[in-house]
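Read off the chains here:
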Amino acid sequence: MNLPNKLTLLRVILVPFFVFFMLTDFMPYSKAIALVIFIAASVTDAFDGHIARSRNLVTTFGKFLDPLADKVLVISALVCLTELGLVGAVPVIIIIAREFMVSGLRLVTANEGVVVAAGIWGKLKTAFSLVAIVVIIFGMCLGIEDGTAAAAVLNMVDRTLIWIATILTVISGGVYLKGYWKYIDASK
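Residues numbered from 1 in each chain as written. Predicted model: local features only at pLDDT ≥ 70, side-chain atom pairs only at ≥ 80, totals over all residues. Heavy atoms only, no water.

Tell me about a nonpolar patch on the surface, residues and numbers included.
A cluster of nonpolar side chains, namely Met1, Leu9, Leu10, Ile13, Phe17, Phe61, Phe64, Leu68 and Val72, defines an oily patch on the protein surface of about 810 Å² accessible area. Put simply, the parts of the chain that give the nonpolar patch at least two residues each are α1 (3-23) and α3 (60-83). The residue Val72 is located in helix α3 in this model. You can call Val72 partly exposed: its relative accessible area is 31%. (Patch = residues over 30% accessible without salt bridge, like charges linked within 9 Å, V, L, I, M, F, W, Y side chains within 5 Å. Areas by Shrake-Rupley, 256 points an atom, 1.4 Å probe, with all protein chains shown as cover. Salt bridge = Lys/Arg side-chain N within 4 Å of Asp/Glu carboxyl O. Helix = DSSP H or I, 4+ residues; strand = E, 2+ residues; numbered from the N terminus. Buried < 20%, exposed > 50% of the residue type's maximum accessible area, 1.4 Å probe, protein only.)

Take a look at the structure:
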């Protein structure tokens, strides 16, 4: 297994640890530990693709696991944030629905021998989602008391970021659908 694939696999392995620290107060600073784990997992996303392309180490396994690892990381974080009451269910449902749609599209096109590569909108969606999640968890780590002006501002920033991520998610899903519609056109 090459280095990019190991980094992608590491991202998947880090997810249960992230979830554990996000959803428990197992030890002091559990949320800060979760934040560090999430950032580390997010950084592997940047490095694995760069290393694979620059060293000509792109593999079928990597093409399969990399987008799946991204989805598992982002969806796990969003579900944790929803559980903690920091993110509303509606944007999370929209984001998860788009992820299922794109994964299904990849399965359909794979039967035709076509690989649905990550486009700029998909990459932008992923990057912005990761940043939004980091900002939300960081804000939680600050321990700002509810009912204060600072908490209100932080809440507004968090909601704005997650809705921007949701809008980018919808746009990228639409771009994928438009680009690969001929593979799912029901009239054929």
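Provide a residue-level description of the layout of surface pockets, including the pertinent values.
Roughly 1,200 Å³ of internal volume is contained in the largest pocket. Around the largest pocket, the lining is made up of 45 residues, and of these Gly62, Lys63, Asp66, Pro67 and Ala118 lie nearest the centre. If you list the elements that add at least two residues to the lining of the largest pocket, you get α1, α2 (30-54), α3, α4 (89-111) and α5 (120-141). Residues that form the lining of the largest pocket fall into these classes: 21 nonpolar, twelve polar and twelve charged. Of the voids in this model, the second largest pocket is the one considered here, and its volume is about 280 Å³. Around the second largest pocket sit Gly85, Leu86, Ile136, Gly139, Met140, Gly143, Ile144, Asp146, Ala151, Leu154, Asn155 and Asp158, which together line it. Counting only elements with at least two residues in the lining of the second largest pocket, the list comes to α5 and α6 (149-180). Here the lining of the second largest pocket takes four residues from α6, the largest share from any one element. (1 Å grid on protein atoms, 1.4 Å probe; cavity = no way out; pocket = protein on both sides within 12 Å on 5 of 7 lines; lining within 4 Å. Points joined across faces, edges and corners; volume = space filled by probe spheres on them. Nonpolar A, V, L, I, M, F, W, Y, C, P; charged D, E, K, R; others polar.)

I'd like a description of the packing of α1 against α3, backed by residues and values.
Relative orientation of the contacting elements α1 and α3 amounts to 10 degrees, with a least axis distance of 9 Å. The angle between the axes of α1 and α3 places the two elements in the roughly parallel class. Residue composition of the contact of α1 with α3, grouped by class: 15 nonpolar, four polar and four charged. (Axes fitted to C-alpha atoms, helices over the stretch in contact; angles between N-to-C directions. Parallel < 35°, antiparallel > 145°, perpendicular 65-115°, else oblique.)

Talk me through the pattern of salt bridges; I want residue IDs and the actual numbers.
Under the definition given, this model contains eight salt bridges. Put simply, Arg11 and Asp45 hold a salt bridge, and the shortest N to O gap is 3.6 Å. Pair noted here: Arg11 is in helix α1 and Asp45 is in helix α2, with a separation of 34 residues, a long-range link. What makes Arg11 buried here is its relative accessible area of 0%. Sharing partners across several salt bridges, the network here consists of Arg11, Asp45, Asp48, Asp66 and Asp70.

Provide a residue-level description of unusual backbone geometry, including the pertinent values.
A negative phi angle is the norm for most residues apart from glycine, just as the trans form is the norm for most peptide bonds. One non-glycine residue, Tyr29, lies in positive phi territory at about 65 degrees. A relative accessible area of 68% means that Tyr29 is categorised as exposed. Although it is not a glycine, Asn56 sits at a positive phi angle of roughly 55 degrees. Within the fold, Asn56 resides in the loop between α2 and α3.

By themselves these figures say nothing about function.
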